[in-house]
Amino acid sequence: MKPTHLIVGSGLSGSVIAERIANVWNENVLIIEKRDHIGGNCYDYVDDETGIRISKYGPHLFHTKDEGVWKYVQRFDTWTRWEQKTLSVVDGQFVPVPVNITTVNQLCGQNIENVEEMDAWLSTVQYKGPIENSEDMAVSRVGRVLYEKMFKPYTIKQWNKTPEELNPSVLARIPIRRDFDTRYFNDKYQALPANGYTHFFERLLDDPRIKVQTGVDFFKYKLQNDLSQYKSVFYTGPIDQYFDDVKLERLEYRSIDFHIKRYKDVNYFQPCSIVNYPEDNVPFTRMVEYKHFLNQSSKHTVTVSETSNDHGDPYYPVPNKKNMDLYERYRQLAVKEEEGKNVHFVGRLANYKYMNMDQAIRNALDFFDRINDKVEKD
């Protein structure tokens, strides 16, 4: 059957929209994907040399408080509970991240023993003034010393900007533990797909009404095909790339280089799956040892160190005033494109907004529901 809807991109947003079109509207949909695989940045694979499952574009840790999202993802695959623990190397020692009592005791020379003492200490170091940027946000949460040791240098390496140059939202995501809890997240649901994210996407898109074509560039495709043949188009790529012909300034993104090292006949290289390296004497931001995730079995191990750049595939929108003002101009163009051509912009890159996985899924579900409500009213 000929597809009646076109989706650009097979990441979370595009794949969820495709599933909804097939199962709610009972209509056919074509997904075109520039890369040679589905799953967007969630894509993972089993390394041939070690048998260890690796995420090609960095680790993805699913966590949510959203009951609806949790029920949705469980429909398509089996998920295994995984409570992430992360460490950071600061002053030559491993310290827990998020900041907890142990972190404060190790780096600030304290001897805090309980929540009450932690609260009292935090009240003496937290910035109480107006929050105008990410430095203000971080110091208002962890104080100046921890900010300077852990968050300022990491942010500069990650974003190539000082925290003062970034919106408060960037470091507002820093969690703090007032006790000895070492879990990175405190959401009710924390899990990894038992058979990997690629398998989850395969199950999500396993429907005869959904066709996927990989290795297809949308901008070449639209030169060779009449997009008006589709009832609707859902675009999940960078919004500025879509409007390249308008000649507005391009939005800023950060990308990542991944450096893989294999260690034969080594059980584990580091004490946990993710170790951050905030200090500027180390070139990478963090090192990931994938064998830890779901306690994979191999007599070897693999590490992947990550360094940020501004020239690779776009991963992270850079939220500062200049970019957000520029995005608003692109958003207004997108509204006109939707009204005139029924092209919808959905997802992290199309909406120029960082989203956790559960937020991306919720955003796509809600986006489809809004369109479905309009269709039913019409």
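The shown structure was predicted, so the numbers you read here are calculated from the model rather than taken from an experiment.

This part is about the layout of surface pockets. One number sums up the size of the second largest pocket: a volume of about 490 Å³. Sorting the residues of the lining of the second largest pocket by element identifies α10 (321-341), β17 (343-345) and α11 (357-377) as the ones contributing at least two each. A per-element tally of the lining of the second largest pocket places α10 first, with 6 residues. When grouped by side-chain class, the residues that make up the lining of the second largest pocket number 10 nonpolar, 5 polar and 8 charged.

Let us look at empty space enclosed by the protein. Tallied over the full model, the rule gives 1 cavity of 30 Å³ or more. In this structure, the largest cavity encloses a volume near 40 Å³. In terms of lining, the largest cavity is formed by Leu61, Phe62, His63, Trp82, Glu83, Gln84, Phe185, Gln190, Ala191 and Leu192. Elements with a minimum of two residues in the lining of the largest cavity: β5 (62-64) and β9 (189-193). Per-element accounting of the lining of the largest cavity gives the leading share, 3 residues, to β9. A class-by-class count of the residues in the lining of the largest cavity yields 6 nonpolar, 3 polar and 1 charged.

Glancing now at unusual backbone geometry. With omega at 5°, the peptide bond leading from Val97 into Pro98 counts as cis. Considering the arrangement of structural elements, one finds Pro98 in the loop between β8 (93-97) and α3 (101-108). Not every positive phi belongs to a glycine, and Asp265 is a case in point at roughly 55°. As for its position among the elements, Asp265 is in the loop between β12 (253-263) and β13 (274-276). Phi is positive for Asn342, close to 60°, though the residue is something other than glycine. Mapped onto the elements of the fold, Asn342 is located in the loop between α10 and β17. Under the relative-accessibility criterion, Asn342 is labelled partly exposed at 29%.

Definitions and cut-offs
Residues numbered from 1 in each chain as written. Predicted model: local features only at pLDDT ≥ 70, side-chain atom pairs only at ≥ 80, totals over all residues. Heavy atoms only, no water. 1 Å grid on protein atoms, 1.4 Å probe; cavity = no way out; pocket = protein on both sides within 12 Å on 5 of 7 lines; lining within 4 Å. Points joined across faces, edges and corners; volume = space filled by probe spheres on them. Helix = DSSP H or I, 4+ residues; strand = E, 2+ residues; numbered from the N terminus. Nonpolar A, V, L, I, M, F, W, Y, C, P; charged D, E, K, R; others polar. Buried < 20%, exposed > 50% of the residue type's maximum accessible area, 1.4 Å probe, protein only.

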